[in-house]
Amino acid sequence: MPAPLTILLVEDDSGSVLFFQNAAEEAGITNPIHVAEDGRKALDYLEGANEFADREKFPLPGLVVLDLRLPRATGFEVLKQMRANPDLPKINVIMLTASAAEEDIDKAYALGANAYLVKPLRLEELRSIVEAIKLFWLTHNHIPR
Amino acid sequence: MGTDPNAYPTRPPPGLQSQSALIIERAPLPIVEVQGAAHTVSHVNSAFCRLVGKSRAKLVGTPFATIVPGGDKCLPVLNQVYATGEAATLAHEVEAETNPTHWLYAMWPALDANDQPVGVIIQLTKTGNVLQNAAAINEALLISGLRQHELAAAATHLNVQLGKEIVERKLVEDALQAANQRLGNQAGELERLVIERTARLRETVGELEEFSYSVAHDLRAPLRGMQGFARLLVEKYSGRLDAEAQSYLERIASAAARMDSLIRDVLNYTQVLRGHATLAPIDLDRLVRDILSIYPDWQPPRVELVIEGTLPVVLGHPGFLTQCLSNLLSNAVKFVAPGLTPHVRIWAEERAPSTTQAGWSPENGEVTGGWASEGPVVRVWIEDNGVGIAEKDRERVFRMFERINSPEHFAGTGMGLTIVRKALERMGGRVDFQSAAGDGSKFWFELKKAPAGAKPSAAS
């Protein structure tokens, strides 16, 4: 049985990070969750650059949960550079953002996002979303290796 | 010189001798009559005596050639007139001591009964001082020359004036042309300005949209924090919190939820402002009571608020209507004189649609439940005991960012009624008020009554 895939959560708001981790814990997700607090760090992690050069400690993620509004580089920029980098395998990206604007949704898919989720206000709703992520993206879905 | 038969009559009427003597005597011109081949003076008139300066006695009987200067020069012509009976003229110059004079002679024959010449009648003209005449002529010429000079000067002056006028006219023409040019340029400039402003406006609208998305993202993130942490507290520390602490946490969560829905409504509003508004039946009674329950400041004893009867189900947009009611109620409570308890009364009445009310415009979006322009209208009244609105401010209160009260007394953005009016327009309704300064306001808005049996949606 292959090692459980790593999740990279790109989120600048520490509260949101905590809620996601809480929801993941409640949902029984045991996959390692790495957090990048801005877009630049997310790209460094994905490219194994700078502090993230050690792939043992910072393994390439099998799933990226990506916010849109981020410091240093936006979610769109992260997505764009990920898809433009031929050295990176096709990694599933789930957008998790406050914006439900149609243009944001369209742009995210156009840039190669695999799913688009809107951050709910209530913790209970987030938990059900994270449960759905576990069931679909971490259990039933097959990803390219 | 020469003869002219028409100039002098050759045949005087009969009896002229005696009669002509009198006429000749009185003539102002010097005239003398000579007789015979020797041209002996037979008669002179007074003018002739004056001319030669001699008395009649001394002249008569003497030969003509001796009585006038250069008289011998006349003899050939005199002989000719005497011989032929033909009139003749003669002019000759006399070298006088001072000035030369010209003597002019007109001669015609004196005839007898048989038409035979017996003598010659001579009329003399001494064209006195030619030089003096010349001087006079010169003078006249000089005067005319001066006059001419004056005329020329005047003409020159006129020309200069005309030249100036032409220059001025040219300047005016140039100015006119420049003005026309500027006008043309200005038209172009205006057009350019309109294009530029439109572009800037679009940019601003774009920025505003971006701003509202920022608001959506940045304001809602802390709300999720409030919600989430309140939730975690309740879950993880429930055993250690008493009922009061738990209720406080619930209020944090519900306030955050309320704020979140408000932000969402504002966003919905700005979106629907540009797009389509879909109308649905809304339970107004429930909506108003829900809104009232959310604002602790609107509860007694701080505010006395009464809903009369049960408000009907109307056709509207839940977000818009929440916005309208929140703003109208907030105004009713807010604009009250200091120290006075706000009294607000809400009621609704059914009315026939106003003939002046515009029908539902299809561009506003689709309407559910087969709603049409016909059918009853619901007018909702919100009456307050506030500071009122002066008649002169009637239109201003609806204008964006217009505030008729001092911000020291009443806080606000000046957006409230603008949003209310726009939202009601978008729902095919309208809003207005009755008020007088210091006498409270009665705001009302009208919406279509929902068709009977329409199932109202959850409005809040």
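Just above sits the structure.
This section reports on the structure supplied with the text.

About the criteria used
- Residues numbered from 1 in each chain as written.
- Chains lettered and ligands numbered in written order.
- Predicted model: local features only at pLDDT ≥ 70, side-chain atom pairs only at ≥ 80, totals over all residues.
- Pairing = 2+ DSSP bridges.
- Helix = DSSP H or I, 4+ residues; strand = E, 2+ residues; numbered from the N terminus.
- Axes fitted to C-alpha atoms, helices over the stretch in contact; angles between N-to-C directions.
- Buried ≥ 20, exposed ≤ 12 C-beta atoms within 10 Å, placed from the backbone.
- Contact = placed C-beta atoms within 7 Å.

## As for the sheet that holds strand β5 (residues 115–118) of chain A
Residue and element names in this part refer to chain A.
Move 1: Judged by pairing direction, the sheet is parallel, and its 5 strands sit side by side in the order β2-β1-β3-β4-β5 without closing on themselves. At either end of the open sheet lies a strand with only one pairing partner, and these are β2 (33–36) and β5. Across the sheet, the axes of successive neighbouring strands diverge by a mean angle of 20°, strand direction being ignored.
Move 2: Where strand β4 (residues 92–97) meets β5, 4 bridges bridge the pair, whose relative direction is parallel. Across the sheet, residue Ile94 finds its bridge partner in β5, namely Ala115.

## Side note on the sheet that holds strand β10 (residues 377–383) of chain B
Residue and element names in this part refer to chain B.
Move 1: Pairing is mixed across the open sheet formed by 5 strands, whose spatial order is β7-β9-β10-β12-β11. The strands lining the two open edges of the sheet, one partner per strand, are β7 (304–307) and β11 (430–435). Averaged over all pairs of adjacent strands, the angle between their axes in this sheet comes to 20°, without regard to strand direction.
Move 2: Relative to strand β9 (residues 343–351), β7 runs parallel, the two being bridged by 4 bridges. Looking at β9, one finds that Val306 is bridged to Arg345.

## Brief notes about helix α2 (residues 39–47) of chain A
Residues and elements named next belong to chain A.
Move 1: Buried within α2 are the following residues: Gly39, Lys41, Ala42, Leu43, Tyr45 and Leu46.
Move 2: Buried residues belonging to α2 abut β1 (7–10), β2 and α3 (75–84).
Move 3: Among the residues trailing α2, Gly48 stands out with phi positive, at a value near 60°.

## A look at the environment of Arg286 of chain B
Residue and element names in this part refer to chain B.
Move 1: Within the secondary structure layout, Arg286 lies in helix α8 (residues 284–294).
Move 2: Judged by local crowding, Arg286 falls into the partly exposed class, with 16 C-beta atoms found within 10 Å.
Move 3: Each C-alpha atom of the pair Arg286 and Val313 lies 9.3 Å from the other, and the pair is 27 residues apart in sequence.

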